[in-house]
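Summary of the model geometry
So you can see what is in the structure, the chains are spelled out below.
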Amino acid sequence: MEQRTLLALMVFSSLIVLAETNDQKPAVEIYSLHVDCKVTSRFAHTVITSRIVNRANESREATFEVELPKTAFITNFSMSIDGEVYPGIIKEKAAAQNEYDSAVSQGQSAGLVKITDRKLEQFHVSVSIAAASKVTFELTYEELLKRQLGKYELLIKVRPKQLVKHFQIDVHIFEPQGIHFLETDSTFMTNELTEALTKEQNETKAHILFKPTLDQQKKNSALDETLLNGDFVVRYDVKREATAGDIQIVNGYFVHYFAPQEMPVFPKNVIFVIDRSGSMTGRKIEQTRDALLKILQDLRQEDHFSFITFNHKVVEWKSSLLPATEENVASAAALVQTLAARGGTDISGALLAAVGVLDKHEGLPERSVSMIILLTDGQPTSGERNVEVIQENVQKAINGKYALFCLGFGFDVSYKFLEKMALSNGGIARRIYENADAALQLQDFYQEVATPILMQIEMQYPENSIEGLTKNNFKLFFEGSEIIVSGKISNELDLLPVEIKAQSHTSNLTLKEEANVKEKEQVFQNQRYIFGNFIERLWAYLTIQQLLEKAISAQEEDQKALEAQALDLSLRYSFVTPLTSMVVTKPQQQEELANKPTEADNEKPSNIPAGASSQRLHSRMPWEDDSATKHWENPFLSDRRRSELQTVSNRKMFSTVSRFRDAKRPQPIANEHAELLFQLPRQNERICLNIDQRAQTSVHLLSDPEQGLTVTGKLGDGKNHFVQFDINYVNPPVQIHVYTHAILVSHNNKNNWLSWTTSTSSTIQGLTVSVEKEKSVTASLPDTVTVKISLVRFPEDFLGLYFLNTDRFSDKVTGVLGQFYSKAQFRSNSNNDQRAVERLLRVSGSEHKVSRLYKKDYRLESASEPVSCWSIELTP
C-alpha cells in the first residue's frame, strides 16, 4: 500500500481585545482584523493586524493578546495611535532587564504575562486610547516548521470576542516540490461560514481566504454575538521523490530538506524508567498507567523492552530485556496496572540501572536502536541529589551508546536538569502538562520515537564552498520527521553537490545529488508568496535554535561563546529569542518589555537546579560596543550563567517600565523653533518653511528620481513639529525610518534598530548610516545628496531635517521641500534686500510674500542664538 506523507503547518495565533461596556455594541470596537500567513518551503511568516476605534466619549483601554507557537520568534511589533507609531525595539535581554529592575526598585509599575498553554506563548500589550481615537496593532513572527508524525499543521486560534466588520484570514502556501492535497478544518465552522471560505490551488501554490461578513459571524440574527471562537486549521501534503531530498537556493543561501519514506524500521531496545514516588499520587500515576498500556500495544514484535520503576528504591521488572511477544506484553501490562505512588525519588539510581541492563544484555539484533525513556515529576530526593553529578555520571555511563529521552511531568520537575541530560545523550526532553490529555501527550511522544529508520546520518557538502553550515550530523532519524540543513554558498558554484551517508536496518546507504544553482534560484524569482530573503532568515532562525540547544549541554566557557553567537544573530535579524527582549514605548514614555520565555520559565523559583545562579549581571547592548558590526565575533554576553533564570518571576513574559522626562530640562519658547530651516542653492539666503498640515498625516517632502531618493515626514502636535521622517533609496533598496525614540533601517526585509543613546555607524552597499549620540542621524551615499536628521530633546521631542551637497539635486526634484532646490528664486526689489523685512519669493510658478524672522538653527552646536531666515507657510 502506498504510504502517504502528511504535511501540515503548525502556527498558532489568537487575538483578544477586551473592553468594558454597558452597550450591546462595544465601546472599544475592532473594525478590522487581518491574519496574513505566508508559508514558503516550511518557513512561515505571519502578520497579525488589528485596527481598533474607541467610540466612547472618554478614554478606554484596548488590550492586544496574541498566542503564538513557542518555537516562533517575534520579529516586529508596532502600535499606531492616531497616526503616531510606537515601534518595538529589540535589545540584548540582560540590558533591557536591568532597566526594568531599576524601575521596579524605584516603585514604578510592572505588568506581567504568563505562559498558559503547553504549545503556545502569549504576547500581551494594552494601551489607553482617547475618545474617538484609533489604534492599530501589528505583530509579525516567523517560524521554521518542524515535521512531527508526518505532518505540519497551520492552526490559527480565532477569538475576537466581538463581531468584526472587516475580518480576514489569508494563508498563502508555496511549495516547489508540489502540493499533493490541501484541506481546511475549523471547530466553529457553520454552513453560513463555509460560504466565506475559498481555496485556490495549482501545482505548487495555494491561497486560502476566510472572509466572513458580519451576518455570517453572528450566532443569532437577533444578538450581536460572534461564532468566531476556536481553531482554524489548514493541512496539506507535498509530493516527494525517492532521492537525496530537496535543495532550494535564494541569494546565495541554501536549505536542504531530507525526509526518506518507505524504509524498513530498526528494531528498538527500549527501557521505560518510571517514577512512582509519592508526588505521582492521584491523577498523574493514573494517566501514566493509561499511557503505558497503550504504548505497550504499539510495540513491534521485533522490539525488545523492559521496565524499571523507582521511588527511593529502584526495582527492575526483569533482569534483562524481553522480546515484545504477546505474552511478554501482557505480563508487562499486569505490572503497569499495579503501579502505586509513594516514597522518595532516586533518579540517578534508576538511570544507572537502566544503562546496566542494556550493557549486559546479549543477543540483541546487530542493527537495532537502544533507548531509555525516563518519566519523572520531581527532583532527586534520594540517592545522589546533586543534579550536576547525576548528569555527569549518566553521560559517562551511556558514553554515546544509547539515546536518553526525558519526560518531565508537571511543574515541580527541573526541566533544565532533564533537558541538559537528554541533549547530552542524543535525545530530547519534553514537558508533559497536567491536563486531561496528559496520557495522550505521553503516547504522542512515544509515537515520535517509535519508528527509527536511519542512524548515523552525515549530510556532506563541499567544505571550501559553504559557510555557516548548520548541524549536518544526526544520530537518529525517525519516520515522519525531517532533517533540515542550511548554509551560505561562499564561492561561485554552478552545481552544489550533496552526499548523504547513513545506516538503514538492512544496509549502509550513500545518496548523491547535484543542485543546479541558477535553476534553483530561478524557482523563487517573481513569486508574490516570497517575503524577502526567506532562506537567509531560515538559516539564521535554524542556527540560533541549534546554538541555544548546543549551549544547554556545553561547558560554561563554551556556553558563553555559543550564546554570544546566538545573541549576535538574534540582534542582526531582529528576532526576539531567549537572549533578547523587545521594548515597546507607549504614550507618556511608558515602556513594556517582551521577553521570549523558555520551558524552564514555567517552573517555580525554588526548582532552579543546584549550582545554577539566579544572579543577573549587566550585559552590554550591541550599540554599546565599537565592534557591533562584526556580528559573529562580538561577545555581547557578560559573565552570567543563564539570563533566563529570572529572580522577579520565572513565568514572566512582559514587564512595564514607566519613564518620565526630566522636569529640569529647558522649556521651549512658543513658535521659536522652525522645523525645516535650509539654505537656498546658489543663494546666500535661509528659508524657514512652515507646513500647514493636520498633525499625524504624512507629508511628501522631497523626491528626486535621478538621485533615487524620496523623503516623507509626519507631523506631531502642532504644525511645526516633525516626529518622524522616512528616507527611501532606490539603489540600494534601503528604507530609513527615523523616530524620536529610535531609528529603523530596513533592507531586503531585514530590520535593524539603532538607538539614539549611542553613536554607531553601518554601511549597506555604499550607503552609510551614522548616528551621533542624542544628536543626529546622517545617511550618505557617493554622488548623492546627504540627508541629516537632528534630534531635539524638549518635553515634546521633535526632529529637524537638513540636506548637504544640495548642488547634486537634479532639476526634476519635487515635493513640498524639494521644489525649493530647483524652482525657487527671490525677486530683487532693491539694493537693500539684506535689510528688508518682506520680499517676494517665486516657487514653482507661484509668488509668495515672505517675512524676515529670527529662528534657532539646531544644526549648530549651540542653538542659543537665533539666525535670520525668510519665513514661508505652505499647504501641501
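Presented here is a report on the structure given in the accompanying data block.

Thresholds, definitions, all that
- Residues numbered from 1 in each chain as written.
- Predicted model: local features only at pLDDT ≥ 70, side-chain atom pairs only at ≥ 80, totals over all residues.
- Heavy atoms only, no water.
- Helix = DSSP H or I, 4+ residues; strand = E, 2+ residues; numbered from the N terminus.
- Buried < 20%, exposed > 50% of the residue type's maximum accessible area, 1.4 Å probe, protein only.
- Contact = heavy atoms within 4.5 Å.
- Areas by Shrake-Rupley, 256 points an atom, 1.4 Å probe, with all protein chains shown as cover.
- Salt bridge = Lys/Arg side-chain N within 4 Å of Asp/Glu carboxyl O.
- Polar contact = N/O pair within 3.5 Å; in protein donor to acceptor, adjacent residues only side chain to side chain.
- Pairing = 2+ DSSP bridges.
- Axes fitted to C-alpha atoms, helices over the stretch in contact; angles between N-to-C directions.

**Side note on the overall build of the protein**
Of the regular secondary structure elements, the protein holds 12 helices and 52 strands. Looking at the protein as a whole, 58% of its 876 residues are labelled buried. Relative to all contacts within the protein whose residues are 6 or more apart in sequence, the contacts with residues 24 or more apart total 70%. Of the roughly 36,800 Å² of accessible surface on the protein, 45% is carried by carbon and sulfur atoms.

**Describing unusual backbone geometry**
Residue Asn731 is joined to Pro732 through a cis peptide bond whose omega torsion reads 5°. Considering the arrangement of structural elements, one finds Pro732 in the loop between β40 (722–729) and β41 (734–739). For Arg42, which is not glycine, the phi torsion reads 75° and is therefore positive. Here Arg42 is to be found in the loop between β3 (28–40) and β4 (43–54). Using a relative accessible area of 1% as the deciding quantity, one classes Arg42 as buried. For Leu149, which is not a glycine, the phi torsion comes out positive at approximately 55°. A relative accessible area of 40% places Leu149 in the partly exposed class.

**Examining the pattern of salt bridges**
Overall, the coordinates contain 30 salt bridges when judged by the stated rule. Among the ionic pairs, Arg42 bridges to Glu482, the shortest N-O distance being 2.9 Å. Here Glu482 lies in the loop between β29 (473–478) and β30 (483–489) and Arg42 lies in the loop between β3 and β4, a separation of 440 residues in the sequence. The exposure classification of Arg42 matches that of Glu482, with both residues buried. A salt bridge links Asp568 to Arg572; its shortest N-O distance comes to 4.0 Å. Placement of both Asp568 and Arg572 in helix α12 (residues 556–572) is noted, with a separation of 4 residues, approximately one turn of the helix. Residue Asp568 is classed as buried on the basis of its relative accessible area of 2%.

**Focus: the side chain of Asn328**
Along the polypeptide, Asn328 turns up in helix α5 (residues 326–337). The exposure class of Asn328 is buried, given its relative accessible area of 17%. Separated by 2.8 Å, the side chain of Asn328 and the backbone oxygen of Pro323 make a polar contact. Residues in contact with Asn328, not counting those within four places in the same chain, are Phe305, Trp317, Leu322 and Pro323.

**Observations regarding the sheet that holds strand β28 (residues 466–467)**
Here we have 4 strands laid out as an open sheet, ordered β18-β19-β30-β28, and antiparallel in their pairing. Looking along the sheet, the strands with just one partner apiece sit at the ends: β18 (246–250) and β28. Strand contacts of helix α11 (residues 534–552): β18, β19 (253–258) and β30, with the helix running at about 65° to β19, the strand carrying the most contacts.

**A word on the environment of Gly716**
Along the chain, Gly716 falls in the loop between β39 (709–715) and β40. As a C-alpha pair, Gly716 and Asp797 span 81 residues in sequence and 9.5 Å in three-dimensional space.

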